[in-house]
Amino acid sequence: MMLLLPPHSASAQGRLDARYEATLAGIPVGKGAWTIEITDDQFTASATGGTAGLLKAFAGGSGTSASQGRVVNGALIATGYTASTTTSKKSEAIRMALVNGYVKEFAIEPEPPVDPDRIPVTDAQRHGVYDPMTGAMLRVPGSGELLTPDACRTGAPVFDGRMRYELKLDFKRMETVKAEKGYQGPVVVCALYFAPVSGYIPDRPVIKYLSAQRNMEIAFAPLAGTRILVPFRMTVPTPLGTAMLEATQFIATATHVAKTN
């Protein structure tokens, strides 16, 4: 069977080992790590992170998240997603099982109390969605240049186990970045817009704030060996100053293994 496949079929293979630092108004408030592994037919992604200081006022704590699934024609199709967060007040775990973009099962432990103000998530809204981690990785179809304005002209319907929302991107500019370790080169910077759909409480200030924001942006860098772009930097204006998550290490390596018959 391998003999019938075109020679480039094995080329979508890469690995990323990234470290990020979070700052608020220029003050370091946390660190995180993100590891992604993409092979011919499957992928895994896992992140860990903790925040301290000022950021605790509205984000807080530490957490881990992981996503895994299949690679189909270069696209990442998640089959499972888990996330856990721990703050001084509580710990929480979210689990989801997905089938071709449909969230078949999801659970939050411990189960949160029912809030009558929360807009319920319908079954229809669990179709055609990404988990938050897979939704953060951009796939650029075709075989042309990866970092172009067109890469930003997209969006992602996301379900995080509690809330269903839309992320819309738009092209802002091209830039050159240099991580302390690893990647140095061009990134494509996209404007980021957030629109809640369901699973949220409309009166929550943070929801209103994020929905109204027109100055959030994400800079994407390429994951070598694949047609996937990964966030290198994200900036969100806040009432306390600009919150920024930026890669201090971004080591992306192509892991192409030649097929032999």
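Residues numbered from 1 in each chain as written. Predicted model: local features only at pLDDT ≥ 70, side-chain atom pairs only at ≥ 80, totals over all residues. Heavy atoms only, no water.

**Concerning unusual backbone geometry**
Then, number 1: Note that the residue after Glu-109, namely Pro-110, is joined by a cis bond; omega there is -10 degrees.
Then, number 2: Along the polypeptide, Pro-110 turns up in the loop between β7 (102-109) and α1 (132-135).
Then, number 3: We note that Ala-25 has phi near 55 degrees; this positive angle belongs to a residue other than glycine.
Then, number 4: For Ala-25, the location among the structural elements is in the loop between β1 (14-24) and β2 (27-38).
Then, number 5: For Asn-100, which is not a glycine, the phi torsion comes out positive at approximately 50 degrees.
Then, number 6: For Asn-100, the position within the fold is in the loop between β6 (91-99) and β7.
Then, number 7: You can call Asn-100 exposed: its relative accessible area is 60%. (Helix = DSSP H or I, 4+ residues; strand = E, 2+ residues; numbered from the N terminus. Buried < 20%, exposed > 50% of the residue type's maximum accessible area, 1.4 Å probe, protein only.)

**Describing the pairing of strand β4 (residues 62-72)**
Then, number 1: For β4 and strand β5 (residues 75-86), the ladder comprises eleven bridges, and the chain directions are antiparallel. Along β5, the bridge assignment pairs Gly-69 with Ala-78.
Then, number 2: Counted between consecutive antiparallel strands, the loop separating β4 from β5 contains two residues, among which Asn-73 sits at a positive phi close to 50 degrees. (Pairing = 2+ DSSP bridges.)

**A closer look at the pattern of salt bridges**
Then, number 1: Tallied over the full model, the rule gives 13 salt bridges.
Then, number 2: Between Asp-17 and Arg-19 there is a salt bridge whose closest N-O contact spans 2.9 Å.
Then, number 3: Residue Asp-17 is classed as partly exposed on the basis of its relative accessible area of 23%.
Then, number 4: Residue Arg-19 is classed as partly exposed on the basis of its relative accessible area of 34%.
Then, number 5: Put simply, Glu-109 and Arg-95 hold a salt bridge, and the shortest N to O gap is 3.0 Å. (Salt bridge = Lys/Arg side-chain N within 4 Å of Asp/Glu carboxyl O.)

This is a description of form; function is not addressed.
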